[in-house]
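Here is how the chains run, residue by residue.
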Amino acid sequence: MNKEEISRIEERVRKKLNAVQLDCAAMPAGRVRFSGDGVIKIDGLRNAKYGELLDVGGVAQAIVLGLNENDVDAIVLSEEDKASAGMIVKATGRIVEVPVGKKLLGRVVNPLGVPIDGLGQIKGALRRPIEAAAPEIVDRGKVDAPLQTGILAIDAMVPIGRGQRELIIGDRRTGKTSVAVDAILNQKGKDVLCVYVAVGQKASSVAAILHTLREYGAMDYTVIVCSTAKDSAPLQYIAPYSGCAIAEEFMYAGKDVLIVYDDLSKHAVAYRAMSLLLKRPPGREAYPGDVFYLHSRLLERAAKLSEEKGGGSITALPIVETMAGDISAYVPTNIISITDGQIYLESDLFHAGIRPAVNVGLSVSRVGSSAQIAGMKKVSGKLRLDLSQYRELAVFAQFGSDLDGNTVARLEQGKRTTETLKQDIHATLAVEKQIVLLYVTMKELLKDVPVEKIVAFNAEFLTYLELHYPDILQSIRETGDISMDIGITIEDAVTECKKTFGKE
Ligand code: ATP
Ligand code: MG
């Protein structure tokens, strides 16, 4: 082939390429070919981008979710299905934005940021795109401050740090939502802002949560992003991203934020419904192949920023529902692998009256212990081991009646520890009280209190301390530590309290 021929071919190729580009440029708009169940297929619109916001006939908005050779797949965001075949679709060059900032505190909004609490419009708020890149590694700091949930079993054994992602996982009705809501309640006065994202929940459950948060004065620092089971799959799909954008605004302003995604199983189901309608090939459990990306890009946005970036943080508590305790199903394993640990709530424990029903053996926190305060570290160090040994012994003890003294003592102690860790719903405990209770347990000071009276004794003891030794609680609170002297005073106080316990 000589030079001339090559340049002739080059010329021809270039002409063809130019023609192709012209073709694209001539297609700024497309037309809806198919519309159904919140999903549309659009002919033309060759310049659309993944995730871009589309305007459908001026009456509805849609998000691009698939770029095919000849058409574009998108999901319609308006609540009623307003898009219909034949409508003109225009690309906007933007992605979906929601209002963010302080004006949202105390409000309940839908995933598009429209208020649904009847308290009027949110005017003049800043806006933020719902999808954003996660903070880079160099912009991240070390997780070094604890996020107290106020739940003794969790703060002692599966501590959560600010900026961490901790999964709450369990079967239905095992107290998952309650753990998350209590964690929000416990942030009162701690300068942590909260976002609760409801995905595909019953409207009545969200109303109940709103009621609880209002009752305990937690709405002052909380935003609820609500998509109910009645909402379309696309709205449920964007809800966590909207909530995350609201949290990000606070984080980049240097605040600590706690965000709850309740729950990501329903989120995955909404995404699966959309994917199947878009005729994507179903994979394991009929989920599409990119279901991992769905949650990883969301949870990566939780972070602790470095001091140079303002030092804000987003702590994420995603919730996942399992079927019959199967944590090795597709979505649970995916999310377990993304998060920094999990709190596993178990049906059997819940029904045996051990509430919160935390399974100590299967719950872990991979970064939180470095953020625990000194006093808590001292009193909780042995707890996990003691409890798992107790559970093991308890199984064996069922078979034989002839137990040696040591075994009996450990069983009795284990029972008392288990009782101490029981905690009523919405009865969060301040960290100094947690440390006192754990100190009493660790020193085995309650051997002579019957097991069934431990819960009552603990409650009375805390009241007793508040009344007679307020300086002890104050000192632990201020120093974050428990000294020898304080330990001895607590031991004396226990002896005194036992004398009056149950006599009034
Ligand atoms: P769902 O699967 O319906 O989302 P869930 O796992 O989120 O359920 P919750 O709704 O939090 O569970 O709790 C289920 C029930 O258990 C509620 O009635 C709640 O009041 C009760 N409950 C949860 N935690 C406790 C607790 N620590 N003590 C007593 N009752 C509790
Ligand atoms: Mg729930």
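We now turn to the structure provided with this report. (Residues numbered from 1 in each chain as written. Chains lettered and ligands numbered in written order. Predicted model: local features only at pLDDT ≥ 70, side-chain atom pairs only at ≥ 80, totals over all residues. Heavy atoms only, no water.)

**Quick look at the sheet that holds strand E4 (residues 60-67)**
Now for step 1: What the six strands build is a closed barrel, ordered E1-E2-E5-E4-E3-E6; its pairing is antiparallel. Taken pair by pair, the neighbouring strands of this sheet meet at an average axis angle of 40 degrees, ignoring direction.
Now for step 2: Sheet topology places E4 next to strand E5 (residues 71-76); five bridges connect them, and they run antiparallel. Each residue of the ladder has a partner; that of isoleucine 63, found in E5, is isoleucine 75. (Pairing = 2+ DSSP bridges. Helix = DSSP H or I, 4+ residues; strand = E, 2+ residues; numbered from the N terminus. Axes fitted to C-alpha atoms, helices over the stretch in contact; angles between N-to-C directions.)

**Some details on the sheet that holds strand E10 (residues 167-170)**
Now for step 1: Taken together, the eight strands give an open sheet; going across it, the order is E8-E12-E11-E13-E14-E10-E15-E16, and neighbouring strands pair in mixed fashion. Edge positions in the sheet fall to strand E8 (108-109) and strand E16 (364-365), since each of these pairs with one other strand and no more.
Now for step 2: Sheet contacts for helix H3 (residues 176-185): E10, strand E11 (192-201), strand E12 (222-228), strand E13 (256-262), strand E14 (313-321) and strand E15 (341-345); angle to E14, the most-contacted strand, approximately 160 degrees.
Now for step 3: Each of E10, E14 and E15 is contacted by helix H8 (residues 330-338), which is oriented at about 155 degrees to E10, the strand it contacts most. (Contact = heavy atoms within 4.5 Å.)

**Some thoughts on a nonpolar patch on the surface**
Now for step 1: On the surface, Met1, Ile6, Ile9, Val13 and Leu17 cluster together into a nonpolar patch covering about 490 Å² of accessible area.
Now for step 2: In this structure isoleucine 6 comes out as partly exposed when scored by relative accessible area, which is 39%. (Patch = residues over 30% accessible without salt bridge, like charges linked within 9 Å, V, L, I, M, F, W, Y side chains within 5 Å. Areas by Shrake-Rupley, 256 points an atom, 1.4 Å probe, with all protein chains shown as cover. Salt bridge = Lys/Arg side-chain N within 4 Å of Asp/Glu carboxyl O. Buried < 20%, exposed > 50% of the residue type's maximum accessible area, 1.4 Å probe, protein only.)

**Overview of the packing of aromatic side chains**
Now for step 1: What the rule picks out here adds up to five aromatic pairs.
Now for step 2: Here the aromatic rings of tyrosine 237 and tyrosine 241 are separated by 5.7 Å at their centres, their planes lie at 65 degrees, and the arrangement is edge-to-face. Residue tyrosine 237 and its partner tyrosine 241 are both found in helix H5 (residues 233-252); the two are separated by four residues, about one turn of the helix. An identical accessibility class is assigned to tyrosine 237 and tyrosine 241; each is buried.
Now for step 3: Look at phenylalanine 457 and phenylalanine 461: their rings are 6.0 Å apart centre to centre, the planes differ by 5 degrees, and that puts the pair in the stacked class. Taken together, the residues phenylalanine 457 and phenylalanine 461, both in helix H14 (residues 454-468) and four residues apart, mark about one turn of the helix. (Phe/Tyr/Trp six-rings, centres within 6.5 Å; stacked < 30°, edge-to-face > 60°.)

**What to know about helix H7 (residues 291-299)**
Now for step 1: A large share of H7 lies buried, amounting to seven of its nine residues.
Now for step 2: Within H7 the residues assigned to the buried category are Val291, Leu294, His295, Ser296, Arg297, Leu298 and Leu299.
Now for step 3: Along its buried surface, H7 packs onto H5, E13, helix H6 (264-277), E14 and H8.

**Section: unusual backbone geometry**
Now for step 1: Here aspartate 262 and aspartate 263 are connected by a cis peptide whose omega angle stands at -5 degrees.
Now for step 2: Checked against the element boundaries, aspartate 263 lands in the loop between E13 and H6.
Now for step 3: Cis peptide bonds are those with omega within 30 degrees of zero, and the linkage from arginine 355 to proline 356 qualifies with -5 degrees.
Now for step 4: Here proline 356 is to be found in the loop between helix H9 (347-351) and E16.

**Here we look at empty space enclosed by the protein**
Now for step 1: One pass over the structure, following the stated rule, counts three cavities of 30 Å³ or more.
Now for step 2: Considering the residues around the largest cavity, the lining is formed by Ala153, Met157, Ile354, Pro356, Val358, Val360, Leu387, Arg391, Thr418, Leu421 and Lys422.
Now for step 3: For the lining of the largest cavity, the secondary structure elements donating two or more residues are helix H2 (152-157), helix H11 (383-397) and helix H12 (405-421).
Now for step 4: Residue composition of the lining of the largest cavity, grouped by class: eight nonpolar, one polar and two charged.
Now for step 5: In this structure, the second largest cavity occupies an estimated 70 Å³ of space.
Now for step 6: Lining the second largest cavity, in full, are Pro146, Leu147, Gln148, Asp155, Pro159, Ile160, Gly368, Ala371, Gln372, Ile373 and Met376. (1 Å grid on protein atoms, 1.4 Å probe; cavity = no way out; pocket = protein on both sides within 12 Å on 5 of 7 lines; lining within 4 Å. Points joined across faces, edges and corners; volume = space filled by probe spheres on them. Nonpolar A, V, L, I, M, F, W, Y, C, P; charged D, E, K, R; others polar.)

**A word on the layout of surface pockets**
Now for step 1: Considered as a void within the structure, the largest pocket measures approximately 1200 Å³ in volume.
Now for step 2: Among the elements of the structure, H3, E11, helix H4 (203-215), H6, E14 and H8 are those that each provide at least two residues to the lining of the largest pocket.
Now for step 3: Looking at the lining of the largest pocket, the element that brings in the most residues is H3, giving six residues.
Now for step 4: Looking at side-chain class alone, the lining of the largest pocket contains 19 nonpolar, 13 polar and 14 charged residues.

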